[in-house]
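Here is what each chain is made of, one letter per residue.
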Amino acid sequence: MVLELARPRPIWQVMFSTHHTDVGLMYLIFSLLAMFVGGAMAIALRVELFAPGAQLIQDSMTFNRLFTAHGTTMIFLFLLPSASAVGNYLVPIMVRYKDMAYPKLNAIAFWMIPPAAALVWLGMADFGWYANPPYSVISAPAPAAEMWIFGLKMLGVSSILSSINFVVTIMKCKHPDMSLGKVPLLGWSFLSSSIIVLAAMPTFAAALLMLLTDRLGASGFFNPAVGGDPIAYSHLFWFTFHPEVYVLVIPAIGMMYEIIPRFSRRPIFSHSSGVAAFIILSIVAFASWAHHMFATGMSFTEKTVFMVGTLAAVPASAMHVFNFLATMWNGRIKFATPMMWAVGGIALFFAAGAGGVVNTAMPLDFITHDSYWVVGHFHLFVFGTIAFGTIGFVYYLFPYITGRMYNEKWGVVHFILAFVGACITFFTQHILGLFGMPRRIYDYPEIPEWVSMNALISVGAMIILVGMVIFLANLIYSSAKGKPANLEDPFGLGGKYYYPFSQRNPHHGDGGY
Amino acid sequence: MAHSNWAEWIYLGVVTALLVYVGAEAWNVERIIDHAPEDAEIIKVTAQQWLWTFEHEDGTKEVGELHLKKDHAYKFELTSKDVIHNFNIPEYVVLLDAVPGRVNTVWFSPNEVGEFDIQCREYCGLIHYNMRALLIVEDV
Amino acid sequence: MSKIFQLSIIIVTLCIIPTISLVFAAETAGEYIDRKAEIWNLFFRMMTIAFVVGGVIAGTMVWQVWRFRESNPKSKPTPYEEKGEL
């Protein structure tokens, strides 16, 4: 049914479709496009930082615009839509419903993203993805800042709409025979991440409006010159975006829960502990936002409260890791490309989590805050864990979407390059942070350690780049010329899959898939 | 599927115990470094795009350079004139935001003679990358 | 139920929070300490824990990947495969 290429249709039929697999396909293509755009920006940044002095980018303003667009693109235009893509493909099938609960709303949620992307990419604001006032109020050039604010506003509404859709689909449209406890863990991951979005996102929506009126001079919420408090913005922002970290990571964990048992040829070790860990994570996600703000002059008491809140999230994450490893135990594991990405993702997930514990230990924040340590730490999460899970899942869905197999050898090469590149890049960034290099700087003095480590990081980024070029070539070539896949069991594992093609797409007509 | 979960409980116990230890240690160190000695000299630090101004207790002002005495306690009172900056001496692990409209304090006592970097660690615009100053610790 | 909840919130605000802040605000003037040494020592203690735990987890994963791969001569079909329960 989802064999989009085996049964070519006019493109407008896909574009104006509200069927969940068509919307999922658009989400997927758009998010991969955004990944390559954002990746190109990252490469430009790394080329610039390869050595002290101007390399590729001639002025700091361009650099500042690029890192802002890179962060915004990767988080809002790659990771969130790619999770929605997977959810759109699989959640209705997992709860045995014919479509998402509100198909039109689903399509609207997707179609809000491209205009928002246009606003972000054409505007190129310069204040970092965090848009911290008063810089963003009094100093950031217009109209880039306004375009960013409107773009983010649309993206926020879009993610709220798609979250409503997921929650209603899972809670209300699941098959009557299926209890909530029986919903597969991928479904559970979308349920919990959607609930986090619904609880967290309105705060940021309010903060954005306040930021906009501040910029227009109509108000002074965050502008100290007229009596506002910039720290209030930090609270509002991080109240949304610390939980947002879990919004991104929980679906990726859900994808690993789909891949790992399948390729280990064993059922998941404990479904209930996975569910419990998702529920705990979605609650404690709200207990830790201000650990991003230790350096703003918080009191000892406040810091302690948020340190405890942050540490509380660790056991639940550890439960997931345990569940993965216990599932692989005594299995007969086939290391096809998706499984490699999932296992590599678990390894880097641990490293990222350990770095997070160090960040939140109050005095150590004096070492790591806003240094390259933080950059390395959260890239281990967003690239090492979330993007690894997502890319693995793209390989996993590839035969269902195109009816053809990707090239396994090049898939493995892609994984090895990305894993090695990620280790070189992001672990070195941790050490560079310990040597005191601040993040978001366009140029740096010739301190010998900084120079050599920056060069190494840029080399690591190039290794990832080579992997990603291979990925792109593999996707394009294999979707047109790859071996036809055996859709009963494309990976040769035996057993039942959640075949997206078990669902009929009305556009394929009678006798279609 | 039949399985026992004792291994998971033991594992969770170990993880939790480690976290409690980490939290307690961090709390203790933070408590130790939190309070400045009584005789700490107050230095008013004003950040603005994109330079640092330092005012000693006796009223002398320095721009872009800070002269301090070895083995003497100093308490920085940080504030900013425009946007948020972050006062950072990486060598001495001193780090705190300079927020307009607020005064944040952090203290330290330099125990080595020499020249050290002061830098801005919070993104503050065009020349953020070069918002640097020099800390000169002198023997008395 | 909601009454109990409201009451507990009031109790928390009135009693527990002031107690916590009293304990924390044991405002004695500090002594001369080597800030740098204190913080870096803590950092290295944490790193010791992190690398030990990381070593155990990474070791387990590497061993699992090596032992349970399907190309390992010792690997045998899982019970679920044999019963067709996958």
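Residues numbered from 1 in each chain as written. Chains lettered and ligands numbered in written order. Predicted model: local features only at pLDDT ≥ 70, side-chain atom pairs only at ≥ 80, totals over all residues.

## Section: the overall build of chain C
Then, in step 1: Scanning chain C from N- to C-terminus turns up three helices and zero strands.
Then, in step 2: Ordered by position from the N terminus, the helices and strands of chain C form the series α-α-α. (Helix = DSSP H or I, 4+ residues; strand = E, 2+ residues; numbered from the N terminus.)

## Overview of the interface of chain C and chain A
Then, in step 1: On the chain A side, the residues contacting the 24 residues of chain C number 29 residues.
Then, in step 2: Elements with a contribution of two residues or more to the side of chain C that touches chain A: α1 (2–24), α2 (35–67) and α3 (79–83) of chain C.
Then, in step 3: If one sorts the elements of the side of chain C that touches chain A by residue count, α2(C) sits on top with twelve residues. (Contact = placed C-beta atoms within 7 Å.)

## Examining the environment of A:Met35
Then, in step 1: With respect to the helices and strands, A:Met35 occurs in helix α2 (residues 20–49).
Then, in step 2: Put simply, A:Met35 and A:Met74 are 39 residues apart on the chain and 6.2 Å apart in space, counted from C-alpha to C-alpha.

## A word on the packing of helix α16 (residues 408–434) of chain A against helix α17 (residues 448–481) of chain A
Residues and elements named next belong to chain A.
Then, in step 1: Viewed as axis vectors pointing N to C, α16 and α17 meet at an angle of 160°, and their least axial separation amounts to 8 Å. Judged on the interaxial angle alone, α17 and α16 are roughly antiparallel. Between α16 and α17 lies a crossing whose hand is left-handed. (Axes fitted to C-alpha atoms, helices over the stretch in contact; angles between N-to-C directions. Parallel < 35°, antiparallel > 145°, perpendicular 65-115°, else oblique. Left-handed = near helix turned anticlockwise from the far one by under 90°.)

## So, unusual backbone geometry
All names here are of chain A.
Then, in step 1: Pro133 connects to Pro134 through a cis peptide bond whose omega is 0°.
Then, in step 2: Considering the arrangement of structural elements, one finds Pro134 in the loop between α5 (113–123) and α6 (135–139).
Then, in step 3: Omega for the peptide link from Ala142 to Pro143 comes to 0°, which places this bond in the cis form.
Then, in step 4: In this fold, Pro143 is placed in the loop between α6 and α7 (144–172).
Then, in step 5: In this structure, Asn330 takes a positive phi of about 65° despite not being glycine.
Then, in step 6: Along the chain, Asn330 turns up in the loop between α12 (313–328) and α13 (337–360).
Then, in step 7: With 15 C-beta atoms packed within 10 Å, Asn330 lands in the partly exposed category.
Then, in step 8: Here Arg440, not a glycine, exhibits a phi torsion of approximately 60°, which is positive.
Then, in step 9: Relative to the elements of secondary structure, Arg440 occurs in the loop between α16 and α17. (Buried ≥ 20, exposed ≤ 12 C-beta atoms within 10 Å, placed from the backbone.)

## Focus: α13(A)
Then, in step 1: Over its 24 residues, α13(A) runs 35 Å from end to end, which matches the ideal 34 Å to within 8%, given 1.5 Å per residue.
Then, in step 2: Within α13(A), 24 of the 24 residues are buried, leaving the element largely enclosed by the surrounding structure. (Expected span 1.5 Å × (residues − 1).)

## Here's the deal with the pairing of strand β7 (residues 94–98) of chain B
Then, in step 1: In terms of burial, β7(B) is a largely internal element, five of the five residues being buried.
Then, in step 2: In this structure, the hairpin formed by strand β6 (residues 85–89) of chain B and β7(B) is closed by a connection of four residues, where B:Val93 is found at a positive phi of approximately 55°. (Pairing = 2+ DSSP bridges.)

## Quick notes on the pairing of strand β9 (residues 114–120) of chain B
Residues and elements named next belong to chain B.
Then, in step 1: Across two bridges, the pairing between β6 and β9 is antiparallel. Of the residues in β9, the one forming a bridge with Asn88 is Gln119.
Then, in step 2: The sheet contact formed by β9 and strand β10 (residues 132–138) spans six bridges and is antiparallel. For Gly114, the partnering residue across the bridge sits in β10 and is Val137.

## Here we look at the interface of chain A and chain B
Then, in step 1: Between chain A and chain B, the contact holds 46 residues from the first and 42 residues from the second.
Then, in step 2: For the side of chain A that touches chain B, the secondary-structure elements that each account for two or more residues are α3 (60–94), α6, α9 (230–264), α11 (300–311), α12 and α14 (365–368) of chain A.
Then, in step 3: No other element matches the six residues that α11(A) contributes to the side of chain A that touches chain B.
Then, in step 4: A breakdown of the residues in the side of chain A that touches chain B according to their chemical character gives 29 nonpolar, twelve polar and five charged. (Nonpolar A, V, L, I, M, F, W, Y, C, P; charged D, E, K, R; others polar.)

## Thoughts on the confidence of the model for chain C
Then, in step 1: Put simply, chain C has an average pLDDT of 82, and 80% of its residues get 70 or more.
Then, in step 2: Across the predicted assembly, pTM comes out at 0.91 and ipTM at 0.92. (pLDDT = per-residue confidence, 0-100.)

## Some details on α9(A)
Three or four residues apart is the spacing at which side chains of an α-helix point the same way, because the helix has 3.6 residues per turn.
Residues and elements named next belong to chain A.
Then, in step 1: With 35 residues, α9 ought to run about 51 Å at 1.5 Å a step, and its terminal C-alpha atoms sit 50 Å apart, in line with that.
Then, in step 2: The principal kink in α9, of about 30°, is found at Trp238.
Then, in step 3: Within α9, 31 of the 35 residues are buried, which leaves the element mostly enclosed by the surrounding structure.
Then, in step 4: Looking one or two places after α9, you find Arg265, whose phi comes out positive at around 55°. (Bend = angle between axes of the 7 residues up to and from the residue.)

## What to know about the sheet that holds strand β1 (residues 41–48) of chain B
Residues and elements named next belong to chain B.
Then, in step 1: With mixed pairing, five strands are arranged side by side in an open sheet as β3-β2-β1-β5-β8. Looking at which strands have only one partner, the edges of the open sheet turn out to be β3 (61–63) and β8 (104–108). Each strand of the sheet is rotated relative to its neighbour by a mean of 25°, with strand direction disregarded.

## Focus: the confidence of the model for chain A
Then, in step 1: A residue-level look at chain A finds 96% of positions with pLDDT of 70 or above and a mean pLDDT of 90.
Then, in step 2: Confidence drops under pLDDT 50 across residues 509–513 of chain A; counting only partners more than four residues distant or on other chains, this segment forms seven contacts.

## What to know about the packing of α9(A) against α13(A)
Residues and elements named next belong to chain A.
Then, in step 1: Taken N-terminus to C-terminus, the directions of α9 and α13 make an angle of 120°; their axes are 9 Å apart at the nearest point. The orientation of α9 with respect to α13, classified from their angle, is oblique. Crossing of α9 against α13: the hand is left-handed. Contacts between α9 and α13 involve Met256, Ile259, Ile260 and Phe263 from the first element and Pro338, Met339, Ala342, Gly345 and Ile346 from the second.
Then, in step 2: Grouping the amino acids of the contact of α9 with α13 by side-chain chemistry returns eight nonpolar, one polar and no charged.

## A look at the sheet that holds β6(B)
Sheet strands line up and pair through hydrogen bonds in the backbone, either parallel or antiparallel.
Residues and elements named next belong to chain B.
Then, in step 1: What the five strands build is an open sheet, ordered β4-β10-β9-β6-β7; its pairing is mixed. Bordering the open sheet on either side are β4 (65–69) and β7, each of which pairs with just one other strand. Each strand of the sheet is rotated relative to its neighbour by a mean of 20°, with strand direction disregarded.

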